[in-house]
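Coordinate analysis (summary)
Here is what each chain is made of, one letter per residue.
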Amino acid sequence: MKDTPSLHIALLLTVALASGCATVRAPEPPTSSHNTAVQVLLDTAHAALEDGRFASATAALERALRIEPRNPVLWQELAQAHLRAGNHAQAENFAARSNTWAGGNRALLASNWQIIGEARAARGNAAGARQALERAERFR
Amino acid sequence: MMGGRGNPVPQNFRIRPRAIALGLLAVLLAGLAALAMFTVALDFKVREEFDGRRFALPARVYARPLELFAGARLSAERFADELAQVGYKEGLQADEPGRFERSGNRFRVLTRPIVFWDGPQPSLVLDLSFRDGSLTRITDAADGKPVTLVRLDPEYIGGIYPAHNEDRVLVRLDEVPPDLLNGLIAVEDRKYYSHAGIDPRGMTRALLSTLSGAGVQGGSTLTQQLVKNFFLTPERTLKRKFTEIIMALLLERHYGKDEILETYINEIYLGQDRNRAIHGFGLAAQFYFDKRLKDLSLAESALLVGMVKGPSWYDPHRHPERALQRRNLALQAMRDEGYISDEQYLRAKLAPLGVVAKPSMGTTPYPAFLDLVRRQLLQYYREDDLRSEGLQIFTTLEPRAQAAAETALSTRLAQLERRMAQPRNGTAEAHGLEGAVVVADPQSGEIKALVGGRDPRYQGFNRALDARRPVGSLMKPVVYFTALASPEHFTLISPLDDGPLVSHEPGRAAWEPKNYDGTTHGLVPLRAALAHSYNIATARLGLTMGVQGVLDNARRMGIERDMPPYAATLLGAVDLSPLDVAQMYQTFASGGFRAPLRAIREVLTAQGEPLQHYSLSVEQVLDPAPVYLLTAALQGAVREGTGQGLSAWLPPDINAAGKTGTTDDWRDSWFAGYTGDRVAVVWVGRDDNSPTSFTGASGAMTVWGELMSRLDPEPLLPPVPENVERVWIDPDSGLRADEACTGAVELPFITGSAPEEFAPCARSGTRLRNWFRGLFQ
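Residues numbered from 1 in each chain as written. Chains lettered and ligands numbered in written order. Predicted model: local features only at pLDDT ≥ 70, side-chain atom pairs only at ≥ 80, totals over all residues.

Moving on, we get to the overall build of chain A. Regarding its fold elements, chain A presents seven helices and zero strands. Taken from the N to the C terminus, the helices and strands of chain A come in the order α-α-α-α-α-α-α. Each of the 140 residues in chain A was classed as buried or not, and the buried ones make up 43%. Sequence-distant contacts in chain A: of pairs separated by 6 or more residues, those separated by 24 or more amount to 46%. (Helix = DSSP H or I, 4+ residues; strand = E, 2+ residues; numbered from the N terminus. Buried ≥ 20, exposed ≤ 12 C-beta atoms within 10 Å, placed from the backbone. Contact = placed C-beta atoms within 7 Å.)

Have a look at this one:
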């Protein structure tokens, strides 16, 4: 085949565009777990949190995390619980931890950065809060 | 007043008798007042001491409970082990919990009821099925419905006697063999049940019999002896005796005979085990006979009773003949008082002493771990706060990991010493090696195992917590992390200069570090310098980054101890405990999230009410991207560097990360590393700090490998941070590679720091590709 740069460029451009499209997937719904035990604990935690029973909620989530330590949803739920209880530093750390396991899950990443933003705001870090909330926006 | 025969007594004589009488009265009143005050003070003290000892029942400490759910990674064999560990017996019997039946891969278990932090779990009948190393099904045998999640009751691992920090095996009076009680009364205080605390006739008799040179009885009642036992100093003054008498009377006023006797049984001093005092007959039964108190024979009970008078004098280990004589004297007293028959007396008299060679086990099989639990409790509770009756403490201990750690340490140390004993190894002593192991969960910081020495049952120096040793090369990863956190300056392939280095710090002697092999290696890629643990390259790198920066990172990773801010610290001239090191490596293993290492999950009251929850807590202290790179480098150290020997224990797909550490003259041998689900640190050395003749690789690493091989580790596959990309590199040129390059390696880089140019070995389309890349950059 003749070495025509323009043809190469055209081919490469097409391939690049096609592969670019392939990476833009619909955002995964926030998964909970395939593990029934973890799901049950998650439900328990939700119910406890609704009732304001913070200690019970965190106990259930910590127990779930011993079963699935790499589940980003669990870490996020823990972050949420701590945020609602006013433990802002902890909330931020758990949300950051959740981010490391979140992979490409934009919905999770967005929620985590939201939590981080709120936690920072509550601790008087306005600039940091703004940055975090902007990141949350970009993932939505 | 008339004196004599009617002669009036002179006036001045009249005054004196009255004055004397008044004076005497005043003195008497004052004395009585003093006595009263003294007595009141003693009364308070007696009750305080007695109540304190009576009601401070030991806290009960438990290991972690096994979680059971469909899909759990648990083989039938391991489950059988776990059942055995918590004392479940084979053979179901009606409604008796704590039993099971097994048929191949299927079990039916009747669990014991237990109250956890999140509520009670009643006794359940469960059917479990296993296949291929997993628990596949778990159902409630009552209705056949699947059970989502259930916990096996945890193993009881020991007691803590918070107020006095001593071990006890507390017994109730009704658990004491009658022979022992009778013997005690017969030998020490015949009138125990009838006197009011002291026995004046007994005291007189004792005095007489002492003077005449015969006699079994001391003058003190059991009550008095109990009082004496409360004091630490065995004074023999009159004042002490007097105080003792008053306190005994007061004790009997406030408490009943049975209460006093029960406390006596649990308190009386009965000997010494190295640095541990043996108090109470329960512990004494275990220490001398390795038996429970209720299982003691008549002769054995008599021996212990006989020893009350002088546990050291009558120590059956050191003075067996004396002990035997004393025991037989006690038996005689029991016979004389009618508590045993002639036949029983004669038979017991012929029995051997029966004491076991000193067992080193205290009331816990895991003294090092329990020591940590105690210390962590005291962080939140003052000793007084722990005076609750029977607190229940649920810990993080994983008995399987603990067993693996203990076995690995003791078997490997024995093997290392056998190797040393061979002639070609010169003058190093072939014994006396010691070690410590810490195993933790990287994500939560929960401590799964803690071993304080090669004799794990012995409650001695806890090397895991208290042995502070120079960490040597274990500090190097912190230096490399610091460098990798500046990706504009350093990547995994950055060339480092391993040529000779002389460092000058103000006010200090010139420092010229040397490599272990005595040579220098010129320019080496950063990851190789770490993998091969080159001292000079590391020192130079650390100095470039600045010692303080490195120490700041170490601080962030959880090191609280002082670290001298000098260059030598870069190469580990800092003393840390194995627990400290474990904390550091936990931070790496979790991708930069420090989780304080903890031994306790929660504390409940005896009734099962939640008291304290030790929460999961993490802090993002290090940027995840350079941690990811550092882990990759440590995996390289295991694959190709000083940690290569691990392949003898772990298959390559585990991809463990680890660092060897050896200090000057081989005084300390370290290995710290992590897999997908555990981080562990091993130290090997000698208590007297003399050389061991082992490096980190030939010593501690072998223990680490053995330990991990017993734990079925998960492969180490940390999540890739969003700003890290994997790039194929040609090692020779340090440039990008493609399929055409032989020996290419795929390495992680923080985005923007990887080389952009392609290596010469890459296919001829290189220039176009480079240009094209330039378009899209």
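Looking now at the overall build of chain B. Along the backbone of chain B there are 22 helices and 30 strands. Out of the 777 residues in chain B, the part that is buried amounts to 45%. At a minimum sequence separation of 6, the contacts of chain B that also span at least 24 residues come to 68%.

Below, the discussion takes up the sheet that holds strand S26 (residues 668-674) of chain B. All names here are of chain B. Pairing in this open sheet of five strands is antiparallel, and the strands run S16-S15-S27-S26-S25 from one edge to the other. Looking at strand neighbours, the two that pair on one side only are strand S16 (447-451) and strand S25 (657-662), the edges of this open sheet. Strand after strand, the sheet turns through a mean of 5 degrees between neighbouring axes, direction not considered. Bridge count between S26 and strand S27 (residues 679-685): seven bridges; the pairing is antiparallel. Its bridge partner lying in S27, Gly673 is registered against Ala680. Together, strand S15 (434-440) and S16 form the strand contacts of helix H13 (residues 399-421), whose direction differs from that of S16 by roughly 30 degrees. (Pairing = 2+ DSSP bridges. Axes fitted to C-alpha atoms, helices over the stretch in contact; angles between N-to-C directions.)

Let us now look at unusual backbone geometry. All names here are of chain B. Despite not being glycine, Ser693 shows a phi value in the positive range, around 70 degrees. Note that Ser693 resides in the loop between S27 and helix H21 (700-709). For Ser693, a count of 20 C-beta atoms within 10 Å translates into the label buried. With a phi angle near 50 degrees, Asp712 is a residue other than glycine that sits in the positive phi range. For Asp712, the location among the structural elements is in the loop between H21 and strand S28 (724-730). Asp712 sits in the partly exposed class, given 15 other C-beta atoms within 10 Å.

For the rest of this paragraph, the subject is helix H7 (residues 257-267) of chain B. Burial of H7 of chain B is extensive: eight of the 11 residues sit out of reach of the surface. Residues of H7 of chain B that are buried include every one of Ile260, Leu261, Glu262, Thr263, Tyr264, Ile265, Asn266 and Glu267 of chain B, and no others.

Turning our eyes to something else, we now look at the interface of chain A and chain B. How large an interface is tends to be reported as the accessible area lost when its parts come together. Contact with chain A, which involves 21 residues of that partner, is made by 21 residues of chain B. Mapped onto the side of chain A that touches chain B, the elements with two or more residues apiece are helix H2 (36-50), helix H3 (54-67) and helix H5 (88-101) of chain A. Element by element, the count of residues in the side of chain A that touches chain B is highest for H3 of chain A, at nine residues. Its residues placed into classes, the side of chain A that touches chain B shows 11 nonpolar, seven polar and three charged. (Nonpolar A, V, L, I, M, F, W, Y, C, P; charged D, E, K, R; others polar.)

All names here are of chain B. Strand order in the open sheet made by the five strands is S3-S4-S5-S8-S9, with mixed pairing throughout. Only two strands of the sheet have a single partner each, and these edge strands are strand S3 (89-90) and strand S9 (134-140). Where strand S4 (residues 99-103) meets strand S5 (residues 106-110), five bridges bridge the pair, whose relative direction is antiparallel. In the strand pairing of S5, Arg99 is matched with Leu110.

Glancing now at helix H15 (residues 476-484) of chain B. Residues and elements named next belong to chain B. Buried residues dominate H15, accounting for nine of its nine residues. Among the residues of H15, those classed as buried are Lys476, Pro477, Val478, Val479, Tyr480, Phe481, Thr482, Ala483 and Leu484. In this fold, the buried residues of H15 make contact with helix H16 (526-531), helix H17 (535-545), helix H18 (547-556), helix H19 (578-589), helix H20 (624-640) and S25.

A word on the domain arrangement of chain B. Residues and elements named next belong to chain B. Examined at the domain level, chain B breaks down into domain 1 (11-55), domain 2 (65-153), domain 3 (173-350), domain 4 (365-471 + 583-600 + 645-719) and domain 5 (724-776). On the side of domain 3, 10 residues touch domain 1, which itself brings nine residues to the contact. Counted by class, the side of domain 1 that touches domain 3 contains three nonpolar, one polar and five charged residues. (Domains from an automatic or database assignment.)

So, on to the confidence of the model for chain A. Averaged over every residue, the pLDDT of chain A is 84; the share at 70 or more is 77%. The model gives residues 19-30 of chain A a pLDDT under 50, and that stretch makes seven contacts with residues more than four places away or in other chains. (pLDDT = per-residue confidence, 0-100.)

Time to look at the environment of Leu711 of chain B. Residues and elements named next belong to chain B. As for its position among the elements, Leu711 is in the loop between H21 and S28. Leu711 sits in the buried class, given 20 other C-beta atoms within 10 Å. Counting along the chain gives 311 residues from Leu711 to Arg400, while the straight-line C-alpha distance between them is 7.9 Å. Excluding its chain neighbours within four sequence positions, the residues that come into contact with Leu711 are Ala401, Ala404 and Arg678.

What follows is about the packing of H17 of chain B against H18 of chain B. Residue and element names in this part refer to chain B. The interhelical angle for the contact between H17 and H18, taken along N-to-C directions, is 95 degrees, at an axis separation of 5 Å. Of the possible angle classes, the one that applies to H17 and H18 is roughly perpendicular. When H17 is examined against H18, the residues Gly542, Leu543 and Met545 are found in contact with a partner set consisting of Val547, Gly549 and Val550. Residues of the contact of H17 with H18, tallied by class, amount to four nonpolar, two polar and no charged. (Parallel < 35°, antiparallel > 145°, perpendicular 65-115°, else oblique.)

We now examine the environment of Tyr628 of chain B. Residue and element names in this part refer to chain B. Of note, Tyr628 is situated in helix H20. Of the residues examined, Tyr628 has 23 C-beta atoms within 10 Å and is grouped as buried. For the pair Tyr628 and Leu597, spaced 31 residues apart in sequence, the C-alpha separation works out to 21 Å. Tyr628 has contacts with Gly591, Pro718, Val720, Pro721, Val724 and Pro748, leaving out every residue within four places of it along the chain.

Here the focus is the nonpolar core. Residues and elements named next belong to chain B. Among the nonpolar cores identified, the biggest contains 194 residues, and Val437 and Val438 are the most heavily contacted of them. Per-element accounting of this core gives the leading share, 10 residues, to H20. Aside from chain neighbours lying at most four places away, what touches Val437 is Ala405, Leu409, Ala449, Val451, Ala464, Ala680, Val682, Val703 and Leu707. In this structure, Val187, Leu261, Ala302 and Leu303 belong to the second largest nonpolar core, which totals 51 residues. (Core = buried A, V, L, I, M, F, W, Y, C linked by C-beta atoms within 7 Å.)

Residue and element names in this part refer to chain B. As paired strands, S5 and strand S8 (residues 125-131) are joined by five bridges and run antiparallel to one another. Paired with Arg106 across the two strands is Ser129, which belongs to S8. As paired elements, S8 and S9 share six bridges and run antiparallel to each other. Paired with Asp127 across the strands is Thr139, a residue of S9.

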